[in-house]
Amino acid sequence: MFNFSVDIIKQVRVFPDSREYQVISYQILKSATSVGANYEEAQAAVSEADFANKISISLKEIRETNYWIRIVNSISEEQKQWGILERESEELMKILGAIRVKMYQKLKR
């Protein structure tokens, strides 16, 4: 997740200097960096419920990041690297989603 965030930051650095890309930059940088930050917080959770909550936030943030990546892919000329990031975000959604499901199943017991 750390490397994913770094890759997003590097790609955003080369965005054109236009209003729409300024908005996208702000949004995608917030959500992409939040994924890993919340996952790190989950690792230091004080309870299983706290862990599940932080994982849920990470999942929410990777879903938002994926949305912004799809926007970029729809309007950008540079789709190769963003396509790679889109696939990576989809994999992270699956991983975090699976962790979340298992945690909520465990909490229901």
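Here we summarise the structure given alongside this text. Note that the coordinates shown come from a computational prediction; the quantities given were computed from them, not determined experimentally.

### Some details on the packing of aromatic side chains
Logical step 1: The tally for this structure, following the rule as stated, stands at three aromatic pairs.
Logical step 2: For the ring pair Phe-15 and Tyr-21, a centre distance of 4.8 Å and an interplane angle of 45 degrees mean the geometry is tilted. Residue Phe-15 shares its accessibility class with Tyr-21, and that shared class is buried.
Logical step 3: Considering the side-chain rings of Tyr-67 and Trp-68, the 5.2 Å spacing of their centres and the 80 degrees angle between planes classify their relative orientation as edge-to-face.
Logical step 4: Through a chain of ring-to-ring contacts, the aromatic side chains of Phe-15, Tyr-21 and Trp-82 assemble into a single cluster.

Cut-offs used in this document
- Residues numbered from 1 in each chain as written.
- Predicted model: local features only at pLDDT ≥ 70, side-chain atom pairs only at ≥ 80, totals over all residues.
- Heavy atoms only, no water.
- Phe/Tyr/Trp six-rings, centres within 6.5 Å; stacked < 30°, edge-to-face > 60°.
- Buried < 20%, exposed > 50% of the residue type's maximum accessible area, 1.4 Å probe, protein only.

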